[in-house]
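As a plain string of letters, each chain reads:
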Amino acid sequence: MHELPLLVFTLFLQGSVGATLWLALALQPQMSAQAARQRVFPIAATAFALACIGLIASTLHMGYPLNALNALRHVGSSWLSREIIFASLYLACLGLASLLLLAKKPGWKGLLVVAACLGAIDVFCMAQIYMHTSVVTWQHFNTLILFFGTVGIVGSVIIAFACMDNVEPRQTTTLRIAAAIAMLVVLIRLIVQPLWMADISAANASIVTLPHHPVALLQQMQGFHVLSQTLSVVGMLVFAAGLLRNKRLAIMAGSIGLVIGEVMLRYVFFSIG
């Protein structure tokens, strides 16, 4: 698959943003430096590693990494330029926050919040890149839901793995919220799917000069697409049940189902483009 670098880039960076958003929203104001290093640093380091892998993969797609510098010349008119800038700023803030955490220095909390905001903006810019192409299957707001859904699902999976052995009341609440986010994302996607299919079918019928093949490819991959959605639903149910009942095996099985579902859905997304 020639779009494999983009699949890795989008999934890994969106998962990284999801984990960072969790850290920013769940920060405890009075957390000690030692507690922060033990609880927050592993998640922040994981988010940073995911973002690095994703950005490296994106340079492979360009063929020549220095081409990224050329893309920065059109910030005022290009969503790609904006995405590169916000991705770079996000990585810089997250990396610096991780270093401060490791060194037990102050300032990491504010940097995590800034990184989370930059990451969310970057995911929005990423979605806009595809929504402003001539591919009818990408132009729908379903692209935004797909990308931010990955932020919610992968971020919840990462936080669940970090907290599932902690039985403190606060962590139990965190796990329940993670379960609710996963359920909400999958539910919204299921609701939007019929609207997306109807809209792209109508758009495809009215197109004269632009390519018709995206919708035809989607129809050819219908079985695989349905399987992806099914795996996501089953994974969500098992994941949520495991979190609510504190069952480690169910959490792990549901997480695997959700992640594989995300990979399959992203494969469909790029295959029909």
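### Structural notes on the overall build of the protein chain
- For the protein chain, the count of helices and strands is 10 helices and zero strands.
- Going residue by residue from the N terminus, the α and β elements of the protein chain occur as α-α-α-α-α-α-α-α-α-α.
- When the 273 residues of the protein chain are sorted by exposure, 48% land in the buried category.
- Partitioning the contacts of the protein chain with sequence separation of at least 6, the portion at a separation of at least 24 is 77%.
- Of the roughly 12,800 Å² of accessible surface on the protein chain, a fraction of 71% belongs to carbon and sulfur atoms.

### Details of helix 1 (residues 4-25)
- Under the 1.5 Å per step criterion, the end-to-end length of helix 1 is 32 Å for 22 residues, consistent within 8% with the ideal 32 Å.
- In terms of burial, helix 1 is largely enclosed, as 17 of its 22 residues are buried.

### Brief notes about the side chain of Arg189
- If you trace the backbone, Arg189 turns up in helix 7 (residues 169-206).
- In contact with Arg189, not counting residues within four places along its chain, are Ile145, Leu146, Gly149, Thr150, Ile153, Glu262 and Leu265.

### A few points about the nonpolar core
- Formed by 69 residues in total, the largest nonpolar core has its most connected members in Tyr90, Phe147, Phe239 and Leu243.
- Within the residue set of this core, elements represented by two or more residues are helix 1, helix 2 (33-62), helix 4 (79-102), helix 5 (108-131), helix 6 (142-163), helix 7, helix 9 (222-245) and helix 10 (248-271).
- Contacts of Tyr90, omitting those with residues within four sequence positions, involve Leu13, Ser16, Val17, Thr20, Ala51, Ala115, Leu118 and Gly119.

### Here's the deal with the packing of helix 1 against helix 4
- Where helix 1 meets helix 4, the closest approach of the two axes is 12 Å, and the angle between their N-to-C directions is 50°. As far as their axial angle goes, helix 4 and helix 1 are oblique. Where helix 1 crosses over helix 4, the handedness of that crossing is left-handed. Between helix 1 and helix 4, the residues in contact are Phe9, Leu13, Ser16, Val17 and Thr20 and Glu83, Ala87, Tyr90 and Leu94, respectively.
- Looking at the contact of helix 1 with helix 4 residue by residue, the class counts come to six nonpolar, two polar and one charged.

### Concerning the packing of helix 5 against helix 6
- Between helix 5 and helix 6, whose axes approach to 9 Å, the crossing angle comes to 150°. The crossing of helix 5 and helix 6 is right-handed. Residues Ala120, Val123, Phe124, Met126, Ala127, Gln128, Tyr130 and Met131 of helix 5 form the contact with helix 6, whose participating residues are Thr143, Leu144, Phe147, Phe148 and Val151.
- Taken together, the residues of the contact of helix 5 with helix 6 break down into 11 nonpolar, two polar and no charged.

### As for the pattern of salt bridges
- Throughout the structure, instances matching the rule amount to one salt bridge.
- Glu262 is the salt-bridge partner of Arg189, the closest N and O atoms lying 2.5 Å from each other. Here the residue Arg189 occupies a position in helix 7, and Glu262 occupies one in helix 10, the gap between them amounting to 73 residues. Across the pair, exposure class does not vary: Arg189 and Glu262 are buried alike.

### Section: the confidence of the model for the protein chain
- Confidence in the prediction of the protein chain, expressed as mean pLDDT, is 86, and 85% of residues score 70 or more.
- Mean pLDDT values over the elements of the protein chain span from 56, in helix 3 (residues 67-71), up to 95, in helix 5.

### A short note on the environment of Ile158
- Take Ile158: it is sitting in helix 6.
- For Ile158, a relative accessible area of 16% translates into the label buried.
- Expressed as a C-alpha distance, the spacing of Ile158 and Ile43, which sit 115 residues apart in the sequence, is 7.6 Å.
- When near neighbours in sequence (up to four residues on either side) are disregarded, Ile158 contacts Gly15, Ala19, Ile43 and Leu50.

### Comments concerning the environment of Ala250
- Position of Ala250 relative to the elements: it lies in helix 10.
- Beyond its immediate stretch of four places on either side in the chain, Ala250 contacts Val238, Phe239 and Gly242.

### Regarding the state of the cysteines
- Scanning all chains against the criterion turns up zero disulfides.
- Cys93 supplies the cysteine sulfur nearest to Cys117, a cysteine that is in no disulfide, at a spacing of 9.9 Å.
- On the basis of relative accessibility, which here comes to 46%, the residue Cys117 falls in the partly exposed class.

### What about the packing of aromatic side chains?
- On inspection of all chains with the given rule, the structure shows 10 aromatic pairs.
- Where Tyr130 meets Trp138, the ring centres are 5.0 Å apart and the plane angle is 90°; that geometry is what we call edge-to-face.
- Summarising the aromatic geometry, the rings of Tyr130 and Phe270 are spaced 5.7 Å apart at their centres and angled 75° between planes, so their arrangement reads as edge-to-face. Of this pair, Tyr130 sits in helix 5 while Phe270 sits in helix 10; the two residues are 140 residues apart in sequence, bridging distant segments of the chain. Here the two residues Tyr130 and Phe270 agree in accessibility, since each one is buried.
- Here the aromatic cluster, defined as three or more aromatic residues joined through ring pairs, consists of Tyr130, Trp138, Phe147, Phe269 and Phe270.
- The ring of Trp79 carries the charged tip of Arg82 above its face, separated from the ring centre by 4.5 Å.

Calculation rules
- Residues numbered from 1 in each chain as written.
- Predicted model: local features only at pLDDT ≥ 70, side-chain atom pairs only at ≥ 80, totals over all residues.
- Heavy atoms only, no water.
- Helix = DSSP H or I, 4+ residues; strand = E, 2+ residues; numbered from the N terminus.
- Buried < 20%, exposed > 50% of the residue type's maximum accessible area, 1.4 Å probe, protein only.
- Contact = heavy atoms within 4.5 Å.
- Areas by Shrake-Rupley, 256 points an atom, 1.4 Å probe, with all protein chains shown as cover.
- Expected span 1.5 Å × (residues − 1).
- Core = buried A, V, L, I, M, F, W, Y, C linked by side-chain atoms within 4.5 Å.
- Axes fitted to C-alpha atoms, helices over the stretch in contact; angles between N-to-C directions.
- Parallel < 35°, antiparallel > 145°, perpendicular 65-115°, else oblique.
- Left-handed = near helix turned anticlockwise from the far one by under 90°.
- Nonpolar A, V, L, I, M, F, W, Y, C, P; charged D, E, K, R; others polar.
- Salt bridge = Lys/Arg side-chain N within 4 Å of Asp/Glu carboxyl O.
- pLDDT = per-residue confidence, 0-100.
- Disulfide = S-S within 2.5 Å.
- Phe/Tyr/Trp six-rings, centres within 6.5 Å; stacked < 30°, edge-to-face > 60°.
- Lys NZ or Arg CZ within 6 Å of the ring centre and 35° of its normal.

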